[in-house]
Structure formats: structure tokens, C-alpha cells
Amino acid sequence: MLPQKFLSDLEVAIGVKAMITNQDDIAPYMIEQRGRFIGQTSLVVTPATTQEVSDIVKLCAEHSIGIVPQGGHTGLVSGGIPFAGDNAIVLSTSRLNKIRTIDPTNNTMVVESGCILQTIQEHAAQHDRLFPLSLGAEGSCQIGGNIATNAGGINVIRYGNTRQLVLGLEVVTPTGEIWNGLRALQKDNTGYDLKQLYIGSEGTLGIITAAVLQLFPKPKEQQTAVLAIKELEDALPLLNLAQSMLGDALTSFELLPRIGIDFSLKHGQGVVDPIEGQYDWYILMEASVAITHSNLKDLFQNYLETAFEKNWVQDGVLAQNKSQSDSFWLLRENITLCQKPEGGSIKHDISVPVSSVPAFIKTANEAVRKMIPGIRPHPFGHLGDGNIHYNLSQPIDMNKEDYLNHWEEVNRIVHDIVHSFNGSISAEHGIGRVKRDENQYYKSAVEMQLMQNIKTALDPKGIMNPGKLIPVS
Ligand SMILES: Cc1cc2nc3c(=O)[nH]c(=O)nc-3n(C[C@H](O)[C@H](O)[C@H](O)COP(=O)(O)OP(=O)(O)OC[C@H]3O[C@@H](n4cnc5c(N)ncnc54)[C@H](O)[C@@H]3O)c2cc1C
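Residues numbered from 1 in each chain as written. Predicted model: local features only at pLDDT ≥ 70, side-chain atom pairs only at ≥ 80, totals over all residues. Heavy atoms only, no water.

With that out of the way, let us pick up the site of the ligand. Looking at the ligand, there are 35 residues lining it, with Pro 69, Gly 71, Gly 72, Thr 74 and Gly 75 nearest. In this structure, Pro 69 approaches the ligand through a main-chain N or O atom, which is 2.6 Å from an oxygen atom. Contacts to the ligand include Gly 79, whose backbone N or O atom sits 3.1 Å from an oxygen atom. Look at the ligand: alone it shows 970 Å² of surface, and the protein chains cover 94% of it. When residues of the shell around the ligand are traced back to their parent elements, those giving at least two are strand E3 (66–70), helix H5 (143–149) and strand E10 (207–214). Ranked by residue count, the leading element in the shell around the ligand is H5, at five residues. Here the residues of the shell around the ligand sort into nine nonpolar, 24 polar and two charged. (Near = heavy atom within 4 Å. Polar contact = N/O pair within 3.5 Å; in protein donor to acceptor, adjacent residues only side chain to side chain. Areas by Shrake-Rupley, 256 points an atom, 1.4 Å probe, with all protein chains shown as cover. Helix = DSSP H or I, 4+ residues; strand = E, 2+ residues; numbered from the N terminus. Nonpolar A, V, L, I, M, F, W, Y, C, P; charged D, E, K, R; others polar.)

This is how it looks when you write it as C-alpha cells:
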């Protein structure tokens, strides 16, 4: 139960219309993306200005009430919902959704945290610029959530993670102060880089209310191809060659397993098989340049010819137009979406050094098959940056619940292998609540203590997204 004084002061500060108290209206904010957990709260607030966020946080600090920031609610680690016993409210940023300014000469854009990623991409494009962050949830995730999770996506190999795409931030601190760090500077060596502390902090250190984003020249020419490879190991020289022959024109290099394509063809809408024969592994790759009349097409064709000559590619198709390229990406997107109809799926979002990806997949496949005969691994994703979504569908004839009961056991086996490759158990989705204890298991005591020190220094009352990322002491 929230104190009456807190509720009445809040009503004065933000108005009753920005306070959702009916459980039916609260329900959509509580069901996380994968439906594994359901949150619990008696209040969702929807501020429309940074000042309102500040007023809310000050009242929460005064009454020691937790605050869970929520953006587009597409996160995959249960970071955006309060759990029973957290004594926390949800602060939705959906109404903080203005694009404040765009400066094409400076290649920057100032946006509020509730702006939908796709809206930002479109606005940049209207000014002949590119905001390169791109991921499957871009139609509903918000830039505040992207920044809070340091989102990755399909263009990291060329443009980096969200961390590399943010020049400045505006943040409401856990005491309710507003830090205006909206500096649109390429160079700024004036002490600790506080924005980098907030990027990837998953709402545990403050609420991001606005950001200065880095824009790039808009690509004028693009080449997209799907290539079939015989052995997983062939992906490495293929990537190496692409880096040598296409240089920084290479933007995406994604791994697709045959089983994922089969799931997509079976359950997806409008999905087509790009290559006639069947192979175990495929690469979806894209290159782009921002100048007109480039020789990208020739470069790409030379690249493909060399790859065929070396026997690293068995078959391939180069998109002839935008709609064919879109159909390749539709296939890729459906690999994520079409696991659900195949029953239970135990998921991992891992990274290892790029050159270790094939060895990791082989070792992990062997280990999980030994543990659960009939298990169906379908590792896919951002091979170009070493990030694989190592997802495991249940054996066809197994009960879903029985299979999912193995979730933690399987995680441990897979994460031990990741650890042995000096990899990460969360490459781009973050830690949230789901991976909190697993993260503590693998990180050194020194690293955990440093993170705890930062949390305590900035949020001594522990009100910002309680129970997420940092273990409860
Ligand atoms: C189909 C699909 C594909 C996906 N593909 C990718 C992918 O390729 N790469 C990738 O990185 N992720 C991917 N994701 C995961 C997800 O979309 C990203 O994590 C995204 O960045 C979350 O943004 P959001 O606005 O939905 O945040 P939410 O889910 O609302 O919140 C995520 C976390 O950020 C915190 N937070 C949100 N807003 C703020 C704020 N303003 N200030 C402080 N903290 C805040 C929340 O408390 C929570 O801890 C995918 C998800 C789906 C469903």
C-alpha cells in the first residue's frame, strides 16, 4: 500500500490523469515480453516532462518508494517490471516523446527518452541522415530503453552499440535532481564520462529523460546477399575476406541456421526460401555506402567470386532490388518470432570472440545434446560481432513444461562454456532480474563490489529499479 500523503502530493505534482491505479489498466505494463513473469504494482505514472519526472522521483525518495522505469516494454530480461515485495511503482516514459532538435551539420539529434526508435530513424532519414541503431523491436522500443540497455542490433559491426551512438544525456538522478548533460560534442575531456555510466545501467542509477544522438550520412547504395556455407567454420574466412574487400562498407553479417529457416517457412507470413538447395548454415550480409555512383556493386561481386573460388560459399543470391533485400531481412526477423510455435525454447544471448563462434557452437551443441537427447539447437544472430542467440527448442516429443524445468541447468552448462571462451552471458539484452544472480556467479568479486559501490554512491536509498542488475545485499 502506498502512503496516502505520497499519493496526494503526487496528484498535485503531475495530475491524476498521469496516474494509473486501476489494475485492469495496469495489467499491460506488468506482462513482460516473453510472458515468463508478471509484475506487481499499485501505480503506474506517465509524466510528460522532465520536471514531472523530477517531482515524482523526489516524492519517491522522500517516502523510500522504488521506481521501475519502463520504455517500450520490449526488454527480454524482466528489467522493466516490479516484482512482488519490491514496493515499487512503474514510471512509463511513453509521453516523453518529443524530438527536440536535429542539426544535420553537427550530425546530431536531441530526442526525449520515450521516442520510438523507428520514429527517430525516419526523422533522421527525412534530413538525409542515418541513425543506425536497428533491431527487431524498433517499431515499439524507445530510445530511453535502448540507451538503458546499451542495445546492439544488426549494424554493430559498422556503427557500434548504442554506447557509441550517444553524445549526451539528460538524467533525473535518484534524489530527483536534473543533470543536463545534453552536450553535442565530439570532443569533451572534462572528467569522468558520466553518460557512459548511465548507458547500460538498466534504470538502476537514474531515469534518462533525453539524449543527444550521433547521426551519420545516409546510405545511398546497398548490397544484400544470402550465402549458403557447408561448414560453420567457413563463416570465419568469409567474414575476414569481407572485411578486407569491402572495408567499412560492411554493415551486417548474420548467421542463420537451416532449422531456423525451416521454422520461419513453416510458421512465418510471406517468408520465402532464398536458395533452392538445403544447407546447414547461411550468412545474411549487407554492405552500404553513403555516396552515389560508387563501385560497391563491383566490389561486392568480386568479393562473392573470390569466396566461391575459395570454396567457402556453396550457393548464394544477391538481392536485385529493395524488395528482395527486404525479403531476406523478413526471413531473419522470423527466425526470432517463429520459435514459439515449436514449443518451449531455452534462450541465451551470449558473445565470444568472433573467431571462437564456431568452436563455441559445436562445444555447446554437443553438451546440450548429451544432457537432453532430441534437443534442437538453433543458434543465430550477429556473428559479425560475436553475439549469438543460442536458443534451444524442446525435443519434439517432450512435454513443454518438463523441458522448461531444465532452464537453469541448461543455462549453467551453456554459460560455463561461454565463460571458458572468455565470453559474456549477456551480449546485448542486459541483466535485469533474469540474469542477475547468474551474472554475479561469473563476475569476479572485485568487479561486483565496484558496481555495488557505484550503485550505493549514486542511489544510497536503493530506490532506482530495485532488485535489478545488482544483487540485493
Ligand atoms: C523481437 C525483438 C527483437 C529484439 N532484438 C534486439 C536486438 O537485436 N538487440 C538488442 O539489443 N535488443 C533486442 N531486443 C530487446 C529489446 O528490444 C531491447 O533491450 C530494447 O533496447 C529495450 O527497449 P525498451 O524501450 O523496450 O525498454 P524496456 O523493455 O521498457 O526497458 C528495458 C530496461 O531499461 C530500463 N529503462 C527503460 N527506459 C528507461 C529510461 N528512460 N531511463 C532509465 N532506464 C530505462 C528499464 O527499467 C529496463 O530495465 C529485442 C526484443 C524483441 C522483442
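Read on for the rest.
Our focus in this paragraph is the nonpolar core. Grouped burial of nonpolar side chains is what soluble globular proteins tend to show. The biggest cluster of nonpolar side chains holds 46 residues, and the ones touching the most others in it are Leu 238, Ile 283, Met 285, Tyr 303 and Phe 360. Counting only elements with at least two residues in this core, the list comes to strand E12 (221–229), helix H8 (235–246), strand E13 (250–257), strand E14 (281–289), helix H10 (296–309), helix H12 (357–371), strand E19 (387–393) and helix H14 (407–420). Looking at which element gives the most residues to this core, the answer is H8, with six residues. For this core, the domains that each give at least three residues are domain 3 (221–337) and domain 4 (340–437). If we ignore the near neighbours within four places in the chain, the residues touching Tyr 303 are Leu 238, Leu 241, Ala 242, Met 245, Leu 246, Phe 253 and Met 285. The next biggest cluster of nonpolar side chains, apart from the first, holds 27 residues, and it includes Met 109, Ala 124, Ile 143 and Tyr 198. (Core = buried A, V, L, I, M, F, W, Y, C linked by side-chain atoms within 4.5 Å. Buried < 20%, exposed > 50% of the residue type's maximum accessible area, 1.4 Å probe, protein only. Domains from an automatic or database assignment. Contact = heavy atoms within 4.5 Å.)

The subject of this paragraph is the domain arrangement of the chain. Domain boundaries in the chain define domain 1 (4–92), domain 2 (99–217), domain 3 (221–337) and domain 4 (340–437). A separation of 29 Å is found between the C-alpha centroids of domain 2 and domain 3. Contacts between the two partners involve six residues from domain 2 and, on the opposite side, ten residues from domain 3. The contact between domain 2 and domain 3 buries some 670 Å² in all, and 62% of this surface belongs to carbon and sulfur atoms. When the buried surface of domain 2 facing domain 3 is broken down by residue, Ile 154, Ile 157 and Arg 158 rank first, second and third, together holding 73% of it. Our count for the contact surface shared by domain 2 and domain 3 stands at zero salt bridges. Here the side of domain 2 that touches domain 3 takes three residues from helix H6 (residues 156–159), the largest share from any one element. (Buried area = accessible area lost by both parts, 1.4 Å probe. Salt bridge = Lys/Arg side-chain N within 4 Å of Asp/Glu carboxyl O.)

Mapped onto the secondary structure, Leu 91 falls in strand E4 (residues 88–92). You can call Leu 91 buried: its relative accessible area is 0%. Between the C-alpha atom of Leu 91 and that of Ile 56, which follows or precedes it by 35 residues, the distance is 8.8 Å. The contact partners of Leu 91, leaving out residues within four places of it in the chain, are Val 45, Pro 47, Val 53, Ile 56, Ile 67, Val 68, Pro 69, Gln 70 and Ile 207.

An order of E5-E6-E10-E8-E9 is seen for the five strands of this open sheet, with the pairing classed as antiparallel. Both edges of this open sheet fall to strand E5 (99–103) and strand E9 (178–181), since each of them pairs with a single strand only. Strand after strand, the sheet turns through a mean of 10 degrees between neighbouring axes, direction not considered. Of the pairings in the sheet, the one linking strand E8 (residues 166–172) to E9 comprises four bridges and is antiparallel in character. (Pairing = 2+ DSSP bridges. Axes fitted to C-alpha atoms, helices over the stretch in contact; angles between N-to-C directions.)

Attention shifts here to the sheet that holds E3. Pairing between the strands of a sheet comes from backbone hydrogen bonds, and it takes one of two forms, parallel or antiparallel. Sheet architecture is open: four strands sit in the order E1-E2-E4-E3, paired in mixed fashion. Only two strands of the sheet have a single neighbouring strand rather than two, namely strand E1 (19–20) and E3. Where strand E2 (residues 44–45) meets E4, two bridges bridge the pair, whose relative direction is parallel. When the sheet's bridge partners are listed, Val 45 is paired in E4 with Leu 91.

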